[in-house]
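# Structure assessment
Spelled out from the first residue to the last, the chains are:
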Amino acid sequence: MLTQTVETTAPPTGSTEPNERGGSLKPVLDVIPTEAYENPTWKGLAYLARDLAIYAVLVFALVEVSNPFAVLGLEFLMALAVGGLFIVGHDIAHGALFKSKRLSAVVGRFAMLPGWHVFDGWVLGHNRIHHAFTVREGYDFVWHPYTPEQYRAMRPWQRARHRLEWSWMGAGIYYMREVWWHKMVVGKPPARWVKSIRRDRWLVLGFVAAATAALAWLGWDRTGSPLSTAWLITRVLVLPYLGFSYLIGSLVHVHHVNPGIRWWRRHEWTKFKGQMDGTTILRARWGLNFFFHWIMVHIPHHVDMRIPMYNLELAAGAIKAAYPDVVHDEPLRFTDFVRNTRQCKLYDFDRGAWLTYEDALAAS
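Nothing here was measured: the structure is a model prediction, and the numbers come from that model.

### Observations regarding the overall build of the protein chain
In terms of regular secondary structure, the protein chain is built from 16 helices and 4 strands. Each principal axis of the C-alpha distribution contributes one length, and for the protein chain these read about 65 × 55 × 45 Å. A total of 364 residues make up the protein chain; the buried ones form 53% of that total. Residue pairs in contact within the protein chain that sit at least 24 positions apart in sequence constitute 73% of those at least 6 positions apart.

### Considerations on the nonpolar core
Formed by 107 residues in total, the largest nonpolar core has its most connected members in Met276 and Phe292. Residues within four places of methionine 276 in sequence aside, it is in contact with Leu25, Val28, Lys271, Ile299, Val303, Ile319, Tyr323, Val326, Val327 and His328.

### Focus: helix H4 (residues 101-112)
Relative to the 16 Å expected for 12 residues at 1.5 Å per residue, H4 spans 16 Å between its end C-alpha atoms, a close match to the ideal helical length. Each element contacted by the buried residues of H4 is listed here: helix H2 (41-64), helix H3 (68-93), helix H5 (119-130) and helix H9 (194-223). The opening residue of H4 is serine 100, an N-cap whose side-chain oxygen sits 3.4 Å from the backbone nitrogen of arginine 102.

### Considering a nonpolar patch on the surface
The grouping of Trp168, Met169 and Phe334 at the surface amounts to a nonpolar patch, some 320 Å² of accessible area in total. In this fold, phenylalanine 334 is placed in helix H15 (residues 334-343). Residue class for phenylalanine 334 comes out partly exposed when judged on its relative accessible area of 47%.

### Focus: unusual backbone geometry
Of note, tryptophan 116 is a non-glycine position whose phi angle comes to about 60°, a positive value. Relative to the helices and strands, tryptophan 116 resides in the loop between H4 and H5. The buried category is assigned to tryptophan 116, whose relative accessible area is 12%. A positive phi is found at tryptophan 143, a non-glycine position, where the angle reads about 55°.

Thresholds applied
Residues numbered from 1 in each chain as written. Predicted model: local features only at pLDDT ≥ 70, side-chain atom pairs only at ≥ 80, totals over all residues. Heavy atoms only, no water. Helix = DSSP H or I, 4+ residues; strand = E, 2+ residues; numbered from the N terminus. Buried < 20%, exposed > 50% of the residue type's maximum accessible area, 1.4 Å probe, protein only. Contact = heavy atoms within 4.5 Å. Core = buried A, V, L, I, M, F, W, Y, C linked by side-chain atoms within 4.5 Å. Expected span 1.5 Å × (residues − 1). Polar contact = N/O pair within 3.5 Å; in protein donor to acceptor, adjacent residues only side chain to side chain. Patch = residues over 30% accessible without salt bridge, like charges linked within 9 Å, V, L, I, M, F, W, Y side chains within 5 Å. Areas by Shrake-Rupley, 256 points an atom, 1.4 Å probe, with all protein chains shown as cover. Salt bridge = Lys/Arg side-chain N within 4 Å of Asp/Glu carboxyl O.

Structure, rendered in structure tokens:
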């Protein structure tokens, strides 16, 4: 089976980065106001409590409501609610919400359970690899593009899978397979991470097993029907995970896949290129930041992941004022996501350009 080789360790000691304008992030960090780092414990706990309350209300509603059409609307809200809890856990994993490491360890794991995410597996893959080497060839594994040569070497079923996963409809399938399953559930971590990731895998498995058992008991007690019991488990536990997977897969896609975002060869990459050029600021409308927690304001988050989510707008304003010609700042539109998935299929690292399948075929 054709697979991409993605490094999970830092470049060798002594490797150099180009000493060019924008090679370092220090000038960017210097313009961020100190108040952007303020993170009182009560504020993080308040966001957590609010999101947990919404999640609990939706769980209750899905237990009580079985009509498929009503469930569809509730599942849309549930995907957003699980996403909100996950973003809180994501910020905690970065050390952005709480100063206490013990509080972060407990609350972060708890917040990620509804999304079935392995906390330390996420810390390893997201903090240590994705953030450290954003849009760097062979290192950043999140939506890492295939080249035309790699695509041509695929078997027909692999090409079909690529076409599905790199379409707007397949973002959740890509995320579940490539990130959640391969990196967090069955992936082999470095030796020093094995114990903690194994523990967190058991924690997630325990949550899913306990929730399944409780819902099975409740469904059977209420209806005595295997079909009704299975539907209860599906709508309360499984569909929220699937909806959240699509949500996170598509949001991560628009963070780092765009005709204007370049992925870099190893020797060309710099921290500035990765964290400033390699992502975007997308302005969520219609009150979506109630659930998204400003995560779409992604450039300051990549410049310094210690900035809490509720201060990303403040940091973004300072960064944009200092680097107006660099910052990608646009509205968040679903139509743009669809357009990106149509234009960005494969990548030519020599030209630094995204290609459609037709472009790649014409160039062969």
